[in-house]
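# Structural overview
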Amino acid sequence: MYQILFSDLDATLLNDQKEIEPGTKAAISKLLERGAFFAVCTGRPLASARAVAKQFGLDQKGCYLAAYNGGVLYDPAKDQVVSYASIPIPVVRRMFALAERAGLYIHTYDRRNDTVLTYRNAPELEYYTKHTKLAPRVGMDVLETLCGEPAKLIVAGLSCHERLVRFQEEQAGWADEHLNSFFSCEEYLEYCPAGISKGAAVKALCGYLGIPAEASVAAGDERNDLAMLTAAGIGAAPRNAHPAAKEAADYLCEKDHNEGAVGEIIERFFL
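Cut-off values and rules
- Residues numbered from 1 in each chain as written.
- Predicted model: local features only at pLDDT ≥ 70, side-chain atom pairs only at ≥ 80, totals over all residues.
- Heavy atoms only, no water.
- Salt bridge = Lys/Arg side-chain N within 4 Å of Asp/Glu carboxyl O.
- Helix = DSSP H or I, 4+ residues; strand = E, 2+ residues; numbered from the N terminus.
- Buried < 20%, exposed > 50% of the residue type's maximum accessible area, 1.4 Å probe, protein only.
- Phe/Tyr/Trp six-rings, centres within 6.5 Å; stacked < 30°, edge-to-face > 60°.
- Lys NZ or Arg CZ within 6 Å of the ring centre and 35° of its normal.
- Pairing = 2+ DSSP bridges.
- Contact = heavy atoms within 4.5 Å.
- Axes fitted to C-alpha atoms, helices over the stretch in contact; angles between N-to-C directions.
- Expected span 1.5 Å × (residues − 1).
- Arc of directions from axis to C-beta.

### So, the pattern of salt bridges
- What the rule picks out here adds up to 14 salt bridges.
- Where Lys198 meets Asp8, a salt bridge forms, and the shortest distance between an N and an O atom there is 3.0 Å. Note that Lys198 is positioned in helix 6 (residues 198–209) and Asp8 in the loop between strand 1 (4–7) and helix 1 (22–33), a separation of 190 residues in sequence. As far as burial versus exposure is concerned, Lys198 and Asp8 are alike and both buried.

### Focus on the packing of aromatic side chains
- Per the counting criterion, the structure on display carries 10 aromatic pairs.
- Look at Tyr64 and Tyr208: their rings are 6.3 Å apart centre to centre, the planes differ by 80°, and that puts the pair in the edge-to-face class. Of the two residues, Tyr64 is situated in strand 3 (residues 63–67) and Tyr208 in helix 6; the sequence distance between them amounts to 144 residues.
- Taken together, the ring pairs in this structure connect Tyr68, Tyr109, Tyr127, Tyr128 and Tyr188 into an aromatic cluster.
- Above the face of the Tyr84 ring, Arg111 is positioned so that its terminal group lies 3.7 Å from the ring centre.

### Let's talk about the sheet that holds strand 2 (residues 37–41)
- Here we have eight strands laid out as an open sheet, ordered 5-4-3-2-1-12-13-14, and mixed in their pairing. Two strands lie at the open edges of the sheet, namely strand 5 (80–84) and strand 14 (251–252), each paired on one side alone.
- As judged from the four bridges shared by strand 2 and strand 3, these two strands associate in the parallel manner. Residue pairing for strand 3: Phe38 is matched across the bridge by Cys63.
- Sitting on the sheet, helix 1 is in contact with strand 1, strand 2 and strand 3, with an inclination near 130° to strand 2.

### What about the sheet that holds strand 6 (residues 105–109)?
- In space, the six strands of this open sheet follow the order 8-7-6-9-11-10, with mixed pairing throughout. Both edges of this open sheet fall to strand 8 (136–138) and strand 10 (179–185), since each of them pairs with a single strand only. Neighbour-to-neighbour, the strand axes of this sheet turn through a mean angle of 25°, independent of strand direction.

### Notes on the pairing of strand 9 (residues 153–156)
- In strand 9, alternate side chains face the same way, and those of Leu153 and Val155 on one face and Ile154 and Ala156 on the other are all buried.
- Where strand 6 meets strand 9, three bridges bridge the pair, whose relative direction is antiparallel. Following the sheet pairing, Tyr105 is matched in strand 9 by Ala156.
- Taken together, the four bridges between strand 9 and strand 11 (residues 188–193) define a ladder with antiparallel strand orientation. Residue pairing in the sheet places Val155 in a bridge with Leu189 of strand 11.

### Considering helix 3 (residues 89–101)
- Over its 13 residues, helix 3 extends 18 Å from the first C-alpha to the last, a length consistent with the 18 Å expected when each residue adds 1.5 Å.
- Buried within helix 3 we find Val91, Val92, Met95, Phe96, Leu98 and Ala99. Considered in projection along helix 3, the buried side chains sweep an arc of 165° and stay on one side of the axis. Exposed side chains of helix 3 directed beyond 90 degrees from the buried face belong to Pro90 and Arg101.
- For helix 3, the secondary structure elements touched by its buried residues are strand 6, strand 7 (116–118), strand 9, helix 5 (161–175), strand 10 and strand 11.
- Looking one or two residues past helix 3, Gly103 carries a phi angle of roughly 75°, positive in sign.

### Concerning the environment of Asp114
- Take Asp114: it is sitting in the loop between strand 6 and strand 7.
- In this structure the C-alpha to C-alpha distance between Asp114 and Leu46, which are 68 residues apart in sequence, comes to 7.2 Å.

### Description of unusual backbone geometry
- Positive phi, close to 50°, is recorded for Asp79, a residue that is not glycine.
- Mapped onto the elements, Asp79 comes out in the loop between strand 4 (72–75) and strand 5.
- One non-glycine residue with positive phi stands out, namely Lys133, at about 65°.
- The topology assignment puts Lys133 in the loop between helix 4 (123–132) and strand 8.
- A relative accessible area of 71% places Lys133 in the exposed class.

Below is the structure:
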């Protein structure tokens, strides 16, 4: 019945060592051999998602990528961007100014190569680029160098979650007209174009492949996965998932991300 699996990367498909558990690797191979599809659906930029996909052989026929929380859909077999949603430059400038005024770190991305653009060096920048392996460009003039509209903004704080919550609430009046915001973890408040989410990616990629959304399964552990978990025919959460993700899920795994939760999901719904 189920024809495609959408999986988040960090703390869902990838373990704490940023690797895929061997049993899960084998299960993905079986899924693809049976003619089903596998889609990485991540908040990471496309360049970072592509690097992970290449590392683990998830760039072969039958595999797809939804990056930037669904803002960018990519077909690896064709090396083709299927769709790219973006944030208007005036909105980007306003968010940077507001975050700067609030004393919060903010960055966006150069559309050409997913370079991280931010005003100044900060612990949040080092933390993020170490995680994603992306290069930074720092300076008060970085927005002048943007090549096209970016796909996402992140307002971040390594130890100030309540300040991020307050910032989100204070900007909601105007920002909600242009942006969709959510937390992908305690440290990252993410802003995507209005209407963009991992749930929208489920519907868009299923439409691209001619698959009903009811024939999809989604796996995710965090708050930016909620729309994906509810848009898919079955939403599944690993044992380590945030309480909100567990509440949104139809299926709760016995295993966590270190033990092969995605492999458990594949065995349960595809094999």
